[in-house]
Amino acid sequence: MQLAVTVLGHNRSLFISEILSAVSDCRCGIVEIRYSKLEQAHAAYLLIQGNWNQIAKIENALEAVEKRLDIKVHMLRPEHQHREKDFLPYSLETLSVDRDNIIEAVSSFLASHGIEIEEVSGSSYQAPYISTSVFTTKFIVLIPPEVRLLSLREEFLDFCDQLNIDAILEPIKR
């Protein structure tokens, strides 16, 4: 069984060690983990696995850690899904002037073409040499096999030109 966990707290960089200790004490394993600091907030994302008893124990342990450290913990037992299609994994990167709707626009474009977003990250920073803020994103997307790649690439780049976004769409090579 698996348990997806998100943790959010203020000025509590030590909460990650508390979470990892609870996972270990309950004899669960970590399938995936991400941790980042967002200004004064700290966020962790974990995918934990174990048998049903271990998962029940970690759920109780995390509730206790949440109360003790005054952090927010959300848990979800994900349903196991098998993909029926052979998707093509692609990396999509964008760079543009920082505007509120860039991620929303790109996400809507992808959804309208039946493309699944597997992962997304982005950040805003001050561009060197100019006083303009720019926003970069990186998506990992899964393209269904029925989508014509040449047409998609052309349509996506036209879409980006209209919004003044510099973009790269390329297959992920392993």
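Look a little higher up for the structure.
Asks: Teacher, can you tell me more about the overall build of the protein chain here?
Replies: Along the backbone of the protein chain there are four helices and eight strands. For the protein chain, the C-alpha radius of gyration of 20 Å lies well beyond 16 Å, the compact-globule estimate for 174 residues. Seen through its principal axes, the protein chain has C-alpha atoms that stretch 50 × 45 × 25 Å. Here the protein chain, with 174 residues, has 33% of them falling under the buried criterion. For the protein chain, the proportion of contacts with a sequence separation of at least 24, taken over those separated by at least 6, is 69%. Accessible surface, the protein chain: about 11,500 Å² in total, of which carbon and sulfur atoms supply 50%.

Asks: Can you help me understand the pattern of salt bridges in this one?
Replies: Side-chain pairing between opposite charges can occur once the charged atoms of the two side chains come close. Taken as a whole and judged by the stated rule, the model has four salt bridges. One salt bridge connects E18 with R68, and the closest N-O pair in it is separated by 2.5 Å. Residue E18 is found in helix 1 (residues 15-25), and its partner R68 is found in helix 2 (residues 52-69); the two are separated by 50 residues along the sequence. With its nearest N and O atoms 3.0 Å apart, the salt bridge here joins R34 to E119. Pair noted here: R34 is in strand 2 (residues 29-38) and E119 is in strand 6 (residues 116-126), with a separation of 85 residues, a long-range link.

Asks: What am I meant to see in a negative patch on the surface here?
Replies: Together, E154, E155, D158 and D161 line one region of the surface with negative charge. Assignment of secondary structure puts D158 in helix 4 (residues 149-163).

Asks: What exactly am I supposed to notice about the packing of aromatic side chains here?
Replies: The description of an aromatic ring pair rests on the distance of the ring centres and on the angle between the ring planes. Under the defined criterion, the tally for this structure stands at four aromatic pairs. With a centroid separation of 6.1 Å and 70° between ring planes, the pair formed by F15 and Y35 is classed as edge-to-face. A residue pair is termed long-range when its members are at least 10 positions apart, and F15 in helix 1 and Y35 in strand 2 qualify at 20 residues. What links up through ring pairs into an aromatic cluster is the set F109, F156 and F159.

Calculation notes
Residues numbered from 1 in each chain as written. Predicted model: local features only at pLDDT ≥ 70, side-chain atom pairs only at ≥ 80, totals over all residues. Heavy atoms only, no water. Helix = DSSP H or I, 4+ residues; strand = E, 2+ residues; numbered from the N terminus. Rg over C-alpha atoms; globule rule 2.2 N^0.38 Å. Buried < 20%, exposed > 50% of the residue type's maximum accessible area, 1.4 Å probe, protein only. Contact = heavy atoms within 4.5 Å. Areas by Shrake-Rupley, 256 points an atom, 1.4 Å probe, with all protein chains shown as cover. Salt bridge = Lys/Arg side-chain N within 4 Å of Asp/Glu carboxyl O. Patch = residues over 30% accessible without salt bridge, like charges linked within 9 Å, V, L, I, M, F, W, Y side chains within 5 Å. Lys, Arg positive; Asp, Glu negative; His and termini not counted. Charge placed at Lys NZ, Arg CZ, Asp CG, Glu CD. Phe/Tyr/Trp six-rings, centres within 6.5 Å; stacked < 30°, edge-to-face > 60°.

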